[in-house]
Amino acid sequence: MTRPKVLCTQGLDPAGAQLLAPIADLIMPPDGSAATLKRMIGDADVLIVRTQLPPDLFDTPHRLLGVVRHGTGVDLIPMQAATAQALPVANVPGTNIDTVAEYCIGGVLALARQFIPMHTGLFTKGWNEGRRHAGQTIELVGRTIGIIGAGAIGIRLAEICHFGFRMRALGYRRHSAVLPAFIGSADIDSLLAQSDIVSLNCPLTAETRHLIDARRIGLMKSNAILVNAARGAVTDEVALAAALRERRIAGAVIDVFEEQPLRRDHPFLALDNVLLTPHSAGLTIEATRRTSIGAAEEALRMLRGERPLNLVNAEIWAQSKLGRGAA
């Protein structure tokens, strides 16, 4: 009997791969091109997604039982097409809450304490050049952090800032759920105007695309630091680059970009008041292991004909191959 096949757009952590090994063959594309994925999808029973999928991928003939996002955000998946085909999509939320929160505060500390200029100056020109930047550093104690997207990651970040750095925390979330007592609730414009640090931790949706535009950047303090560990398109990158270049805000920590990989002529790369990382805020050893295990477990549920624990498009379950089989 032919073993089922799980196609993963990038490699899994060994812990996840070991879970799949007794049941299915784990296959990975030799490159990330759309043509390669389209060629291989027809032979897969479950697709695990770690990279952006071509928007027309599901137009290719396939026998997929379902799709699993290795992570939380499903903007990498053509959801409308999957839902139209009654193709279940699951994700793995909650595995990188601490990871991303720690990244956000680490990036802020790196900018606030001028770690990179100090390091570079010390290495290239010596002690005095490195030390020169100390006069531009600031403390976080007593400052205000505003978190747009006060979900699990945002709440953890606020907890670190409030209890670890004695900072005031403000939060905005779309839904009316009550925030913890240590986070003050604020609308977006008020939050931007009051905050010394603004952290974006919201999903990318039609409502949040270019949420931080030129007008809203204009509300921010001139000494403010912006952190984006959400999705690149939550900001208007042209407006943000201009504000940083003109020092209308102090700096930014940016992990995600509208176009990835980041093109070499992007205006962010000409700035000296940004800390840029390659969409890696959630990629610690521990978080990757947890996420790979969770993705493998969801893939195994699909292969067994079971409903995933974290089904994103639950409305199509009864019409899906798996849902019909369960009925």
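Residues numbered from 1 in each chain as written. Predicted model: local features only at pLDDT ≥ 70, side-chain atom pairs only at ≥ 80, totals over all residues. Heavy atoms only, no water.

## Regarding the sheet that holds strand β6 (residues 144-148)
Strand order across the open sheet formed by seven strands is β8-β7-β6-β9-β10-β11-β12, with parallel pairing between neighbours. Looking at the sheet topology across the chains shown, the edges are occupied by β8 (183-185) and β12 (274-276). Averaged over all pairs of adjacent strands, the angle between their axes in this sheet comes to 20 degrees, without regard to strand direction. With three bridges connecting them, strand β7 (residues 168-172) and β8 associate as parallel partners. Counted as the bridge partner of Gly-171 is Ser-185 from β8. (Pairing = 2+ DSSP bridges. Helix = DSSP H or I, 4+ residues; strand = E, 2+ residues; numbered from the N terminus. Axes fitted to C-alpha atoms, helices over the stretch in contact; angles between N-to-C directions.)

## Concerning the layout of surface pockets
Within this model, the second largest pocket holds a volume of roughly 490 Å³. Along its surface, the second largest pocket is lined by 22 residues, and Leu-111, Gln-114, Ala-250, Asp-272 and Asn-273 are the ones closest to its centre. Broken down by secondary-structure element, the contributors of at least two residues to the lining of the second largest pocket are α4 (97-112), α5 (115-125) and β12. Examining the composition of the lining of the second largest pocket, we find that three residues originate from one element, α4, more than from any other. (1 Å grid on protein atoms, 1.4 Å probe; cavity = no way out; pocket = protein on both sides within 12 Å on 5 of 7 lines; lining within 4 Å. Points joined across faces, edges and corners; volume = space filled by probe spheres on them.)

## Quick word on the sheet that holds strand β1 (residues 5-8)
A sheet is described by the order of its strands in space; here five strands give the open sequence β2-β1-β3-β4-β5, paired in parallel fashion. Among the strands making up the open sheet, the edge pair consists of β2 (25-27) and β5 (89-90). Pairing geometry for strand β4 (residues 66-69) and β5, over two bridges, is parallel. In the strand pairing of β5, Val-67 is matched with Val-89.

## Re a nonpolar patch on the surface
Side chains of Leu-122, Phe-123 and Trp-127 sit close together on the surface and give an oily, nonpolar patch of about 410 Å² of accessible area. Note on placement: Leu-122 falls in helix α5. Judged by relative accessible area, Leu-122 falls into the partly exposed class, the value being 41%. (Patch = residues over 30% accessible without salt bridge, like charges linked within 9 Å, V, L, I, M, F, W, Y side chains within 5 Å. Areas by Shrake-Rupley, 256 points an atom, 1.4 Å probe, with all protein chains shown as cover. Salt bridge = Lys/Arg side-chain N within 4 Å of Asp/Glu carboxyl O. Buried < 20%, exposed > 50% of the residue type's maximum accessible area, 1.4 Å probe, protein only.)

## Details of α4
Because an α-helix completes one turn every 3.6 residues, residues spaced three or four positions apart along the sequence face the same direction. In this model, α4 (16 residues) spans 23 Å end to end at C-alpha, consistent with the 22 Å of a helix rising 1.5 Å per residue. For α4, the complete set of buried residues consists of Thr-99, Val-100, Ala-101, Tyr-103, Cys-104, Ile-105, Gly-107, Val-108, Ala-110, Leu-111 and Ala-112. Just past α4, the residue Gln-114 takes up positive phi, approximately 55 degrees. (Expected span 1.5 Å × (residues − 1).)

## Digging into the pairing of β6
For β6, the buried fraction is high: five of the five residues fall into the buried class. Of the two faces of β6, the one lined by Thr-144, Gly-146 and Ile-148 and the one lined by Ile-145 and Ile-147 are each fully buried. Judged from the five bridges that link them, β6 and β7 form a sheet pairing that is parallel. Considered in β7, the bridge of Ile-145 is made with Ala-169. On the question of chirality, the crossover connecting β6 to the parallel β7 by way of helix α7 (residues 152-165) is right-handed. Pairing analysis gives four bridges linking β6 to strand β9 (residues 197-200), with the strands arranged parallel. Each residue of the ladder has a partner; that of Ile-145, found in β9, is Ile-197. (Right-handed = clockwise from strand over helix to strand, strands pointing away.)

## Description of the pairing of strand β11 (residues 251-254)
Here β11 shows a buried face lined by Gly-251 and Val-253 and a second buried face lined by Ala-252 and Ile-254. Across four bridges, strand β10 (residues 225-228) lies against β11 in parallel orientation. By the bridge assignment, Leu-226 is partnered in β11 with Ala-252. In the classification by handedness, the crossover that spans β10, the intervening helix α10 (residues 237-245) and the parallel β11 is right-handed. Strand direction decides the pairing type here: β11 and β12, joined by three bridges, are parallel. Looking across to β12, one finds that Val-253 is bridged to Leu-275.

Everything listed here is a matter of geometry and, on its own, says nothing about what the molecule does.
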